[in-house]
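# Fold and geometry: a report
One letter stands for each residue in the lines below.
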Amino acid sequence: MLFSALIFGLISSLHCVGMCGPIAMMLPVDHNNETKKAAQIITYHLGRLSAYASIGLIFGLLGRGFFLAGMQQNMSIFIGVAMILVVLIPEKVFAKYNFSKPVYKIISNIKSSLGSQFKKKSYKSLFTIGLLNGFLPCGMVYVALFGAIAMQSAGLGVLYMLLYGLGTIPLMTVVVYINSLLKLPFRNKIQKAIPYVAIIIGVLFILRGLGLGIPYLSPSNMNLFVQATPNCH
């Protein structure tokens, strides 16, 4: 299932360009030195990946708790259904409920910190911009976190989110160089594919939880990471 993180990252990066593209274009990079500019952009991405890895660790541990409690199959089905619902339910429905209200102050502080970092041109500030950027609320990241929970392991949760982050890097890097990628017609064409990819990934998690005995896709034994029955020969 790890491959789904990379694919989803690649597809959802168009959404990232729309939401975080302005941040990437405002990065305080050296436009006169291409080598230094590349290093600065990499530093920014390392900050984002660090943020994704840290939340992947938290949600991977959460998934590990469900795994130890013997709820892994039901959890995989629930996560698959949740992924599908997130993309099928219109955004205006979610807009009626301010889910982020309890952490609004934290989000506001993150945005304020981001603004102050743009005034600096150090590698530390670029890493910090990426780190704070990674913690900003994002619907696509939320979907990816469902996958991190389903990994049922802290390490695999981190890896899942890292792969998701890596998938977003190509387009997020190109947009720094080619602002024309933000043009609406291009965004609309690719963004239409995002819900379909999320639904496919959700279906994969549902199949995984059903345990239909299909090798790799829906194994009958949900204990995918350790051998459930020890060899006693």
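So, how was this worked out
- In this numbering scheme, every chain counts its residues from 1 along its sequence in written order.
- Restriction of local features to residues with pLDDT of at least 70 applies here, the model being predicted, together with a cutoff of 80 or more for giving and counting side-chain atom pairs; totals for whole chains, interfaces and linings are based on all residues.
- Side-chain measures were taken over the full set of non-hydrogen atoms in the model, leaving aside hydrogen atoms and water.
- Comment: elements are numbered from the N terminus, with helices defined as DSSP H or I runs of at least four residues and strands as E runs of at least two.
- For each residue, the accessible area found with a 1.4 Å probe, counting protein chains only, is set against the maximum for its type, and the residue is called buried under 20%, exposed over 50%, and partly exposed in between.
- Contact definition: two residues touch when any of their heavy atoms are within 4.5 Å.
- Pairing of aromatic rings covers Phe, Tyr and the six-membered ring of Trp, with a centre-to-centre limit of 6.5 Å; geometry is then stacked below 30 degrees between planes, edge-to-face above 60, and tilted otherwise.
- UniProt positions are given in the numbering used here, feature names are shortened, and annotations may be inferred rather than shown by experiment.
- Throughout this description, the term nonpolar core refers to a set of buried Ala, Val, Leu, Ile, Met, Phe, Trp, Tyr and Cys residues connected via side-chain atoms within 4.5 Å.
- In this scheme, a helix's expected span is set at 1.5 Å multiplied by one less than its residue total.
- We define the bend at any residue as the angle between the axes fitted to the seven residues before and including it, ending there, and the seven starting there.
- Any pair of N or O atoms that falls within 3.5 Å is considered a polar contact. Within protein, one atom must be able to donate a hydrogen and the other to accept it, and sequence-neighbouring residues count only if both atoms are side-chain atoms.
- Like charges within 9 Å and nonpolar side chains (Val, Leu, Ile, Met, Phe, Trp, Tyr) within 5 Å are joined into patches, using only residues over 30% in relative accessible area that form no salt bridge.
- Only the protein chains shown count as cover for residues, with accessible areas throughout obtained via the Shrake-Rupley method and a probe of 1.4 Å.
- A pair is scored as a salt bridge if a Lys or Arg side-chain nitrogen falls within 4 Å of a carboxyl oxygen belonging to Asp or Glu.

### A few points about the overall build of the protein chain
- Looking only at helices and strands, one finds 10 helices and 0 strands in the protein chain.
- Residues counted as buried form 44% of the 233 residues belonging to the protein chain.
- The contacts of the protein chain with a sequence gap of at least 6 include a subset with a gap of at least 24, amounting to 79%.

### A closer look at the packing of aromatic side chains
- Taken as a whole and assessed by the stated rule, the structure comprises 2 aromatic pairs.
- Taking the centre distance of 5.7 Å and the plane angle of 70° together, the rings of Y52 and Y164 count as edge-to-face. Placement of the pair is Y52 in helix α2 (residues 34-68) and Y164 in helix α8 (residues 154-177), with a sequence separation of 112 residues. As far as the burial class goes, Y52 and Y164 line up, both buried.
- Feature note: the residues F8, Y52 and Y164 constitute an aromatic cluster, connected by ring pairs.

### Topic: the UniProt feature "transmembrane region" (unreviewed entry) in the protein chain
- UniProt records the feature "transmembrane region" (unreviewed entry) at residues 6-29, 49-69, 75-95, 126-151, 157-182 and 194-217, using the numbering of this structure.
- Summarising residues 126-151: 85% helix, 0% strand, and an end-to-end C-alpha distance of 31 Å.

### Brief notes about the nonpolar core
- The biggest cluster of nonpolar side chains holds 46 residues, and the ones touching the most others in it are F8, V141, M161 and Y164.
- Residue assignment for this core shows that the elements contributing at least two residues are α1 (2-25), α2, α3 (72-88), α6 (123-135), α7 (139-150), α8 and α10 (193-210).
- For this core, the leading source of residues is α7, giving 9 residues.
- Among residues more than four places away in sequence, those in contact with M161 are Y52, I55, G56, V141, A144, L145 and A148.

### Points about α8
- For α8, built from 24 residues, the straight-helix expectation of 34 Å at 1.5 Å per residue is met to within 8% by its first-to-last C-alpha distance of 35 Å.
- Of all the bends in α8, the greatest, near 35°, is centred on I169, and the proline P170 appears no more than four residues after it.

### What about the environment of G130?
- Along the chain, G130 falls in helix α6.
- Residue classification places G130 among the buried residues on the basis of a relative accessible area of 0%.
- Sequence-wise, G130 and Y44 are 86 residues apart; in three dimensions their C-alpha atoms are separated by 4.6 Å.
- The contacts of G130, once residues within four sequence positions are left out, are Y44, G47 and R48.

### A few points about α6
- A rise of 1.5 Å per residue sets the reference length of α6, with its 13 residues, at 18 Å; its end C-alpha atoms lie 19 Å apart and thus fit the reference within 8%.
- When we look at burial in α6, the residues that qualify are S125, L126, I129, G130, L132, N133 and G134.

### Some points on the side chain of N133
- Within the secondary structure layout, N133 lies in helix α6.
- Within the structure, N133 has its side chain in polar contact with the side chain of Y44 (distance 2.6 Å).

### What about a nonpolar patch on the surface?
- Taken together, the side chains of L6, L10 and L166 make up a nonpolar region of the molecular surface, amounting to roughly 240 Å² of accessible area.
- In this fold, L10 is placed in helix α1.

### Looking at the environment of Y52
- In this structure Y52 comes out as buried when scored by relative accessible area, which is 4%.
- Through-space distance from the C-alpha of Y52 to that of N133 is 10.0 Å; in sequence the pair is 81 residues apart.
- In contact with Y52, other than residues within four places in its own chain, are G134, V141, M161, Y164 and G165.

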